[in-house]
Structures are given as C-alpha cells and as structure tokens.
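Residues per chain, in single letters:
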Amino acid sequence: MSGILDIVMHSSSLWHMNDFIKAVEQLEDGNPQLAPLAVLRSLRGAAGLNDAFIQHFLGNASSGGLEMDASLSDYMGKAVRHRVTEDGREQGVALTSDGTTVALKPLLLGIEAGFLSKTKGHVVGLYQLTLAKDLGLSFKHVHRSPLSPRLGPDGCWDNVTSPKVFTLSGSPSLITTAQVNGGMDGVILGMEIFVQSGHPLKLSSLLKAYYCHRLENEGLDVVQHPISPQRREKFRELIVPPLLARQVVRSINLLLSIKKVISFIIISDCPAIIPRCAWDAEPYRGTPTLLSLPLSFMYIHHTSTPSQPCLTFEQCAADMRSMQRFHQEDRGWDDIGYSFVAGSDGYIYEGRGWHWQGAHTYGHNSRGYGVAFIGDYSSRLPSQHSMGLVRDQLASCAVGGGRLVGNFTLQGHRQVVNTLCPGDAFYKEIQGWEHFGVWDSVTSSGHYVDT
C-alpha cells in the first residue's frame, strides 16, 4: 500500500476530501482500463448502495472488473455509506479544503447519473438521487412531527487538520447540512459531465478540479469552471424550483405543494457561513451579552491587518485566529470583535454571530452587526463576489430571519467612530449600496440618504 492508504486504512481514518480523492486516484491507477462509470459502480458496491430505488436509475452495482484490495474496499464503504449515530456523529462525510463538509453518497450518485445519462436536455434521476428523495422524507417527517427540524444541522470536526469525527451541533433531521452540500455538488457535477464534450474525465480529476482549486488574486470573480465555494450560486443557476418540487413528490409519492418545497432553506438567500468551530476559534471569555433583536444597523469594516485578502479556507481561518488572538490578548476583549467576517474564498466567517453583542463599533455595538472584510481597502476594493455575499445575501438573510429590521441602515465604521475604516476606496463603494445611510448627530439615529 502507498502512503495514502497507510493513512486511511487503519481504524482512525482521516475523513478529508483530499484523502478520499487520493484513494480514488490509486484505484484508477491500478485499473487504468476502466471507465469512470465502472469506478463509480464499484464504489457504490463497496458501500452497499444497491437498493431498488437506486437500481431503478443507475442499474446494479458491480465490481465491473475492478480489482480492489479488501482494506481499500472497507475504507471506501465507510467513506460513502452515510449514517447518523445515536450520539450525534455523522458518518460518510468528508471535510473539504474550503472548510465545508460534504456527504459522499449523494455526490457520487449524482456524478454516476451524469456519466450514465443518454437522454437530451436533462440527466435521468439526477434530482431524485441527490436531493429529492431525502427532501421528501424530511417533509414527511415534519408533517408527522411538526416540532422537529426540517434541515440540518451543521456540525464540527474534532480536528480540522486531521479530521476523524464529525459531530452534529444539534438534533439531526432526516437531511443534514452535509447531505444538502453533497446533493448540490452531485447536481452540479452531474450536469457538468452531461454537458461537457470530448472524452470523460477521470473521477479523481473531476473531484480535484471542483474541490482542490487554487484562486488567483481576484478570488471568485475570475473562476472559469464550477468549484465548491460556488455551490449555492451554481445550484440556483441549474435548478428549476418547480422541477425539484415535482421530483420531491414523485420520489416519495407525497402530495406536497410546490410552494412549500420552493421555500425550502436550500433555495434561501442565506450565504454559507463557516462556524466558529471550523476555523478553530478560542472560547468566549466570560459571559456574552445577548443582543435584542431585530437590530437597526449594519456597520462595514475592513481589517487593515491582515492587509491582504485571503483566498483559501486555510488562510482565512488563520486570519480569523490571528484577529481573535489580537483582540483577546492585546486589546483585552472577550472575543474577536466582529459579528461576521467576509473572506475572498467565497465564504462568510462567524465571529460573534447573530446573537452575541460584538466589540466592533464603539458606542454602537448593541445597535447593529459589525461585518469586516479581510484586507486593506484604502486604495482598492474587495472582490465583487465577497461584496455580493454581504450586500445581497447576508443582509437579506438577516432581514428574513428577523435579525435586522427591513429598513435597516448600513454605514461605514468611519461614520460613527473617528477612524479611516473601511478605507477610502471601499467607503466610496458602499455609498452606492442599498440601505446606505448617514448618521444624524442631533437625533443619534441613522437614516437613508435621499438620492
């Protein structure tokens, strides 16, 4: 066995997507004559994913002539087979390089549907295999138990460098956040295979291109092919909500209104938010002060230090830890000051979050959320993508969730505190954003600019 299999075959396997891709790559190298579809079917066979529902769309799982070592087969089976244990541990999931967690079962079923499809216009079984069946089961469960959660939750790894155990952050529903991520990725990659011309990619190459990307200085603004931080945007572009609703109904023969399915949270405006545990935050020191919601303001900051945009989860997480350390050790604060932080890697990072009062805008912390962009924006702007995450998605999510009032006021840090933050170039930019307002020193309130 090579080094990667020495790592992943023992009882305390590391569940990182990079390790899974390396194992797939070794499978392919040992069986160079086999097409990607045969590799996928052998993985499905190793995981025992061969029930009547799956066979209806994909046919019978088989080895297809692929030679797989017993220990490798055992690893693949554990990696792909999804379950949630009684103590809240989710198995069959992998941590990706962008900091999110993905269930491998719906991902691989969607990819197999893409390779198998022989029809024009759509990939047969794509929605049913990736999301529709699980969504239908979740809605059926909610119908029987109205107080149970519809979706989620997310969770935390025991170690983001060497992930072995993923524990959900609350009581599980029938479809977890990792399953939703895997389902969206399965739809995106299944369609990518279907529309591509030329010879099909190897499975490992397809997964590498999607999960092991390297961003340039412009971040997601110049990406040419789908990558994992774009999953929500790409999924919205591909999916037709009424079609997904019909597939939900057909998958479980459940008469649900299309409107109810369309309103499901995966099609909401909320951006993906990397939780504190994922960037390895230190605990809050003391007892947090709870905010009284909804708030009326959103204050925009730049970090200045770090001065450069972060383009990877690894760097963004390191920047978050660095800022928290500075705020706690040098400033003597209880925690990182910001409510949320926007990276240039495609994600929002949780600081003090929706409910804890921050330490970001002196004298105004109880009135609004402080949202910082990593980098110094005195003479340049953050990426268009990162600005859109805050301006369009985070703000809309806050209003929709009752955390910000509908007519909230957005302001730059410098408008209420004597500072250059959020930088001259960025401050000029946010003056054109919806909800931008000015501070009235007489009434001590904010209001929209009348333009």
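Residues numbered from 1 in each chain as written. Predicted model: local features only at pLDDT ≥ 70, side-chain atom pairs only at ≥ 80, totals over all residues. Heavy atoms only, no water.

As named in an unreviewed UniProt entry, the protein chain is Peptidoglycan recognition protein 6, taken from Myripristis murdjan. The Sequence similarities (unreviewed entry) comment attached to the protein chain in UniProt states, word for word, "Belongs to the N-acetylmuramoyl-L-alanine amidase 2 family." (UniProt positions renumbered as here; feature names shortened; annotations may be inferred.)

This part is about the overall build of the protein chain. For the protein chain, the count of helices and strands is 15 helices and 14 strands. Residues classed as buried in the protein chain amount to 51% of the 451 residues present. Taking contacts inside the protein chain between residues at least 6 apart in sequence as the whole, the part at least 24 apart equals 70%. Put simply, the protein chain shows about 20000 Å² of open surface, and 50% of that area lies on carbon and sulfur atoms. (Helix = DSSP H or I, 4+ residues; strand = E, 2+ residues; numbered from the N terminus. Buried < 20%, exposed > 50% of the residue type's maximum accessible area, 1.4 Å probe, protein only. Contact = heavy atoms within 4.5 Å. Areas by Shrake-Rupley, 256 points an atom, 1.4 Å probe, with all protein chains shown as cover.)

Before going further, it helps to spend a moment on the side chain of Gln328. Within the element layout of this structure, Gln328 appears in helix α13 (residues 313–330). Residue Gln328 is classed as buried on the basis of its relative accessible area of 4%. With sequence-adjacent residues up to four places away left out, Gln328 is seen in contact with Glu282, Pro283, Arg285, Trp333, Asp334 and Asp335.

Here Trp433 shows up in the loop between α15 (424–430) and β13 (437–440). Overall, the relative accessible area of 5% leaves Trp433 in the buried class. Considering only alpha carbons, one finds Trp433 and Asp392, 41 residues apart in sequence, at a separation of 9.5 Å. Beyond its immediate sequence surroundings of up to four residues, Trp433 is in contact with Ile300, Phe373, Met387, Arg391, Leu410 and Phe426.

The next subject is the packing of aromatic side chains. Throughout the structure, instances matching the rule amount to 14 aromatic pairs. Each ring, one from Trp157 and one from Phe166, has its centre 5.0 Å from the other, and the planes form 45 degrees; the classification is tilted. By relative accessible area, which is 11% here, Trp157 ends up buried. Here the aromatic residues Phe373, Tyr377, Phe426 and Trp433 are joined through ring pairs into a cluster of three or more. Between Arg391 and the ring centre of Trp433, over which it is positioned, the NZ or CZ distance is 5.4 Å. (Phe/Tyr/Trp six-rings, centres within 6.5 Å; stacked < 30°, edge-to-face > 60°. Lys NZ or Arg CZ within 6 Å of the ring centre and 35° of its normal.)

Let's shift gears to empty space enclosed by the protein. Evaluation of the coordinates by the stated rule reveals one cavity of 30 Å³ or more. Here the largest cavity defines a volume of roughly 50 Å³. Residue contributions to the lining of the largest cavity peak at four residues, all from helix α6 (residues 104–116). For the lining of the largest cavity, the per-class residue count stands at six nonpolar, no polar and three charged. (1 Å grid on protein atoms, 1.4 Å probe; cavity = no way out; pocket = protein on both sides within 12 Å on 5 of 7 lines; lining within 4 Å. Points joined across faces, edges and corners; volume = space filled by probe spheres on them. Nonpolar A, V, L, I, M, F, W, Y, C, P; charged D, E, K, R; others polar.)

This next bit is on the sheet that holds strand β8 (residues 295–302). Overall, mixed pairing links the six strands, which are arranged β7-β10-β9-β11-β8-β12 in an open sheet. Whereas interior strands pair on both sides, the edge strands pair on one side only; in this sheet they are β7 (273–274) and β12 (404–412). Examined bridge by bridge, β8 and β12 share five bridges and lie parallel to one another. Directly across from Ile300, in β12, lies its bridge partner Gly412. Lying on the sheet, helix α14 (residues 384–400) is in contact with β7, β8, β9 (340–342), β10 (348–350), β11 (368–373) and β12; it crosses β12 at an angle near 145 degrees. (Pairing = 2+ DSSP bridges. Axes fitted to C-alpha atoms, helices over the stretch in contact; angles between N-to-C directions.)

Once that is clear, we can look at the state of the cysteines. A full pass over the atoms with the stated rule returns three disulfides. Bridging Cys156 to Cys277, the disulfide has an S-S length of 1.9 Å. Between Cys156 and Cys277 the disulfide shows an S-S torsion of about -85 degrees. By sign, it is left-handed. One end of the pair, Cys156, is in strand β5 (residues 155–157); the other, Cys277, is in the loop between β7 and β8, and 121 residues separate them in sequence. Residue Cys277 is classed as partly exposed on the basis of its relative accessible area, which comes to 27%. Shown here is the disulfide that connects Cys310 with Cys316, its sulfur atoms set 2.0 Å apart. Judged by the torsion about the S-S bond (95 degrees), the Cys310/Cys316 disulfide is right-handed. Looking at Cys316, the relative accessible area reads 0%, which means it is buried. (Disulfide = S-S within 2.5 Å.)

Applying the stated criterion to the full structure yields 11 salt bridges. In this structure, Glu112 and Arg41 form a salt bridge, with 3.7 Å as the shortest nitrogen-oxygen distance. One end of the pair, Glu112, is in helix α6; the other, Arg41, is in helix α3 (residues 36–47), with 71 residues separating them in the sequence. Residue Arg41 is classed as partly exposed on the basis of its relative accessible area of 23%. Between Arg414 and Asp424 there is a salt bridge, and its shortest N-O distance comes to 2.8 Å. With Arg414 in the loop between β12 and α15 and Asp424 in helix α15, this residue pair connects regions lying 10 residues apart in the sequence. Taking relative accessible area as the criterion, Arg414 reaches 23% and is therefore assigned partly exposed. Under the relative-accessibility criterion, Asp424 is labelled partly exposed at 48%. Counted as one network, the salt bridges with shared partners bring together Arg41, Arg44 and Glu112. (Salt bridge = Lys/Arg side-chain N within 4 Å of Asp/Glu carboxyl O.)

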